[in-house]
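Letter by letter, the chains look like this.
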Amino acid sequence: MKDSELIQKVHSGNKEAVGIIIEQYYADIYRFCLYMVQTNEDAYDIAQETFLKFIKYGTSYKHHNLKGYLLTIARNICFNYFRDKKEKAKAVEWEEIDKIPSHKDMLTEAENAIYLRNLLKELSQDIREVIILRIYEEMKFKDIAKIMGCSVSTAKSRFRLGIDRMKKLMENEYER
(Lines give C-alpha, C1' and ligand atoms only; values in the text may rest on other atoms or scores of the structure.)
Protein backbone atom coordinates (compact mmCIF):
# COMPACT_ATOMS: atom_id res chain seq x y z
CA MET A 1 0.00 0.00 0.00
CA LYS A 2 1.33 3.44 -0.92
CA ASP A 3 2.15 6.04 1.72
CA SER A 4 -0.55 8.36 0.39
CA GLU A 5 -3.19 5.65 0.84
CA LEU A 6 -1.96 4.91 4.36
CA ILE A 7 -2.08 8.60 5.25
CA GLN A 8 -5.65 8.87 3.99
CA LYS A 9 -6.55 5.97 6.26
CA VAL A 10 -4.73 7.62 9.19
CA HIS A 11 -6.71 10.82 8.54
CA SER A 12 -9.93 8.82 8.65
CA GLY A 13 -8.95 7.30 12.02
CA ASN A 14 -7.79 3.85 10.88
CA LYS A 15 -5.41 2.59 13.59
CA GLU A 16 -4.26 -0.37 11.47
CA ALA A 17 -2.77 2.08 8.96
CA VAL A 18 -0.65 3.58 11.75
CA GLY A 19 0.56 0.07 12.60
CA ILE A 20 1.52 -0.55 8.98
CA ILE A 21 3.45 2.73 8.86
CA ILE A 22 5.30 1.81 12.04
CA GLU A 23 6.17 -1.66 10.69
CA GLN A 24 7.31 -0.18 7.40
CA TYR A 25 9.55 2.59 8.78
CA TYR A 26 10.57 1.55 12.30
CA ALA A 27 13.91 -0.01 11.31
CA ASP A 28 14.92 3.07 9.29
CA ILE A 29 14.01 5.47 12.09
CA TYR A 30 15.72 3.36 14.76
CA ARG A 31 18.91 3.04 12.67
CA PHE A 32 18.99 6.81 12.10
CA CYS A 33 18.54 7.43 15.83
CA LEU A 34 21.25 4.91 16.69
CA TYR A 35 23.77 6.61 14.44
CA MET A 36 22.80 9.98 15.87
CA VAL A 37 22.89 9.18 19.60
CA GLN A 38 25.23 6.14 19.58
CA THR A 39 23.44 4.14 22.29
CA ASN A 40 20.87 1.39 21.77
CA GLU A 41 18.63 2.35 24.67
CA ASP A 42 18.41 6.03 23.77
CA ALA A 43 17.92 5.23 20.07
CA TYR A 44 15.07 2.89 21.00
CA ASP A 45 13.46 5.56 23.19
CA ILE A 46 13.80 8.24 20.50
CA ALA A 47 12.38 5.94 17.81
CA GLN A 48 9.41 5.19 20.06
CA GLU A 49 8.89 8.87 20.77
CA THR A 50 9.05 9.60 17.04
CA PHE A 51 6.12 7.31 16.33
CA LEU A 52 4.20 8.56 19.36
CA LYS A 53 4.49 12.09 18.01
CA PHE A 54 3.45 10.87 14.57
CA ILE A 55 0.39 9.16 16.09
CA LYS A 56 -0.45 12.33 18.01
CA TYR A 57 0.00 14.69 15.06
CA GLY A 58 -0.39 12.29 12.11
CA THR A 59 -3.83 13.56 11.20
CA SER A 60 -2.27 16.91 10.30
CA TYR A 61 0.41 15.35 8.05
CA LYS A 62 0.26 16.80 4.53
CA HIS A 63 3.74 16.19 3.08
CA HIS A 64 4.68 13.95 0.18
CA ASN A 65 7.63 12.11 1.71
CA LEU A 66 6.49 10.12 4.74
CA LYS A 67 9.93 8.68 5.52
CA GLY A 68 11.42 12.16 5.34
CA TYR A 69 8.71 13.47 7.65
CA LEU A 70 9.40 10.71 10.19
CA LEU A 71 13.14 11.33 9.95
CA THR A 72 12.52 15.03 10.57
CA ILE A 73 10.58 14.19 13.73
CA ALA A 74 13.38 11.84 14.84
CA ARG A 75 15.99 14.48 14.07
CA ASN A 76 14.20 17.07 16.20
CA ILE A 77 13.91 14.63 19.09
CA CYS A 78 17.64 13.84 18.76
CA PHE A 79 18.38 17.57 18.99
CA ASN A 80 16.28 17.75 22.14
CA TYR A 81 18.17 14.74 23.50
CA PHE A 82 21.52 16.46 22.92
CA ARG A 83 20.27 19.73 24.38
CA ASP A 84 18.95 17.97 27.47
CA LYS A 85 22.02 15.81 28.00
CA LYS A 86 24.52 18.51 26.98
CA GLU A 87 27.05 15.87 26.08
CA LYS A 88 28.15 13.95 23.04
CA ALA A 89 27.34 10.29 22.45
CA LYS A 90 29.42 7.77 24.39
CA ALA A 91 31.76 5.17 22.88
CA VAL A 92 30.53 1.60 22.64
CA GLU A 93 31.01 -0.08 26.00
CA TRP A 94 33.23 -3.14 26.26
CA GLU A 95 30.32 -5.12 27.69
CA GLU A 96 28.57 -4.86 24.33
CA ILE A 97 31.66 -6.15 22.53
CA ASP A 98 31.78 -9.16 24.87
CA LYS A 99 28.22 -10.06 23.86
CA ILE A 100 29.20 -10.37 20.19
CA PRO A 101 29.48 -14.02 19.08
CA SER A 102 33.03 -15.17 18.44
CA HIS A 103 32.43 -16.07 14.80
CA LYS A 104 35.21 -14.35 12.82
CA ASP A 105 32.96 -12.69 10.22
CA MET A 106 30.57 -11.34 12.83
CA LEU A 107 33.47 -10.03 14.88
CA THR A 108 34.96 -8.29 11.84
CA GLU A 109 31.56 -6.79 11.03
CA ALA A 110 31.20 -5.57 14.62
CA GLU A 111 34.71 -4.11 14.58
CA ASN A 112 33.93 -2.27 11.35
CA ALA A 113 30.67 -0.93 12.79
CA ILE A 114 32.47 0.31 15.91
CA TYR A 115 35.23 1.84 13.81
CA LEU A 116 32.67 3.62 11.63
CA ARG A 117 30.75 4.88 14.67
CA ASN A 118 33.96 6.27 16.11
CA LEU A 119 34.76 7.98 12.81
CA LEU A 120 31.27 9.47 12.69
CA LYS A 121 31.67 10.78 16.23
CA GLU A 122 34.63 12.85 15.06
CA LEU A 123 32.40 14.80 12.67
CA SER A 124 30.23 17.76 13.55
CA GLN A 125 26.57 16.95 14.08
CA ASP A 126 25.43 18.57 10.81
CA ILE A 127 28.02 16.75 8.73
CA ARG A 128 27.41 13.42 10.49
CA GLU A 129 23.68 13.77 9.90
CA VAL A 130 24.10 14.36 6.16
CA ILE A 131 26.34 11.30 5.84
CA ILE A 132 23.88 9.12 7.77
CA LEU A 133 20.91 10.30 5.73
CA ARG A 134 22.75 9.93 2.42
CA ILE A 135 24.51 6.60 2.95
CA TYR A 136 22.39 4.69 5.44
CA GLU A 137 18.97 6.07 4.60
CA GLU A 138 19.82 6.40 0.87
CA MET A 139 18.12 9.76 0.66
CA LYS A 140 18.57 12.26 -2.15
CA PHE A 141 20.34 15.52 -1.42
CA LYS A 142 17.18 17.53 -2.09
CA ASP A 143 15.34 15.54 0.60
CA ILE A 144 18.27 15.86 3.00
CA ALA A 145 18.34 19.61 2.42
CA LYS A 146 14.61 19.83 3.14
CA ILE A 147 14.95 17.85 6.39
CA MET A 148 17.94 19.88 7.55
CA GLY A 149 16.57 23.23 6.45
CA CYS A 150 19.50 24.08 4.21
CA SER A 151 20.20 24.35 0.49
CA VAL A 152 21.02 21.34 -1.67
CA SER A 153 24.51 22.72 -2.28
CA THR A 154 25.07 23.02 1.48
CA ALA A 155 23.97 19.41 1.98
CA LYS A 156 26.33 18.27 -0.80
CA SER A 157 29.15 20.35 0.64
CA ARG A 158 28.66 18.90 4.12
CA PHE A 159 28.62 15.39 2.66
CA ARG A 160 31.86 15.99 0.74
CA LEU A 161 33.51 17.59 3.79
CA GLY A 162 32.46 14.66 5.95
CA ILE A 163 33.75 12.04 3.55
CA ASP A 164 37.04 13.93 3.17
CA ARG A 165 37.37 14.21 6.95
CA MET A 166 36.68 10.49 7.42
CA LYS A 167 39.29 9.63 4.77
CA LYS A 168 41.83 11.84 6.50
CA LEU A 169 41.07 10.22 9.87
CA MET A 170 41.51 6.75 8.34
CA GLU A 171 44.80 7.79 6.69
CA ASN A 172 46.09 9.16 10.00
CA GLU A 173 45.10 5.93 11.72
CA TYR A 174 46.81 3.86 9.04
CA GLU A 175 50.05 5.87 9.32
CA ARG A 176 50.37 5.15 13.05
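Each value, and the rule that gives it
Residues numbered from 1 in each chain as written. Predicted model: local features only at pLDDT ≥ 70, side-chain atom pairs only at ≥ 80, totals over all residues. Heavy atoms only, no water. Axes fitted to C-alpha atoms, helices over the stretch in contact; angles between N-to-C directions. Helix = DSSP H or I, 4+ residues; strand = E, 2+ residues; numbered from the N terminus. Parallel < 35°, antiparallel > 145°, perpendicular 65-115°, else oblique. Left-handed = near helix turned anticlockwise from the far one by under 90°. Contact = heavy atoms within 4.5 Å. Disulfide = S-S within 2.5 Å. Core = buried A, V, L, I, M, F, W, Y, C linked by side-chain atoms within 4.5 Å. Buried < 20%, exposed > 50% of the residue type's maximum accessible area, 1.4 Å probe, protein only. pLDDT = per-residue confidence, 0-100. Salt bridge = Lys/Arg side-chain N within 4 Å of Asp/Glu carboxyl O.

## Some remarks on the packing of helix α3 (residues 40-57) against helix α4 (residues 66-85)
When two helices pack together, their arrangement is given by the angle between their axes and by how far apart the axes lie.
And step 1. The contact between α3 and α4 brings their axes to 9 Å, and the two run at 125°. The orientation of α3 with respect to α4, classified from their angle, is oblique. Helix-helix and strand crossings are classified by hand; for α3 and α4 the assignment is right-handed. Packed against α3, whose contacting residues are D42, I46, E49, T50, F51, K53, F54 and Y57, the element α4 presents L66, Y69, L70, I73, A74, I77, C78 and Y81 at the interface.

## Some thoughts on the state of the cysteines
And step 1. In this structure the tally under the stated criterion is zero disulfides.
And step 2. Summary of cysteine pairing: C78 is not part of a disulfide, and the nearest cysteine sulfur, belonging to C33, is at 4.4 Å.

## Here's the deal with unusual backbone geometry
And step 1. Backbone geometry places Q38, a non-glycine residue, at a positive phi of 70°.
And step 2. By the secondary structure assignment, Q38 is in the loop between α2 (15-37) and α3.
And step 3. For E138, which is not glycine, the phi dihedral falls at a positive 55°.
And step 4. Summarising the element assignment, E138 is placed in the loop between α7 (125-136) and α8 (141-148).

## As for the nonpolar core
And step 1. With 49 residues, the main nonpolar core has I21, I29 and L66 as its most contacted residues.
And step 2. Looking at this core, the elements with two or more residues in it are α1 (3-11), α2, α3, α4, α6 (104-121), α7, α8 and α9 (152-175).
And step 3. No other element matches α2, which puts eleven residues into this core.
And step 4. The contacts of I21, once residues within four sequence positions are left out, are L6, I7, V10, F51, F54, L66 and L70.

## Brief notes about the confidence of the model for the protein chain
And step 1. For the protein chain, the average pLDDT comes to 82, and 85% of its residues sit at 70 or higher.
And step 2. Note on residues 87-95: pLDDT under 50 across the span, and eleven contacts to partners over four residues away in sequence or across chains.

## As for the pattern of salt bridges
And step 1. Enumeration according to the criterion identifies six salt bridges in this entry.
And step 2. Salt-bridge contacts for E137 lead to R31; the nearest nitrogen and oxygen are separated by 3.5 Å. Placement of the pair is E137 in the loop between α7 and α8 and R31 in helix α2, with a sequence separation of 106 residues.
And step 3. K67 is the salt-bridge partner of E137, the closest N and O atoms lying 3.4 Å from each other. Here E137, found in the loop between α7 and α8, pairs with K67, found in helix α4; they are 70 residues apart in sequence, far enough to count as distant.

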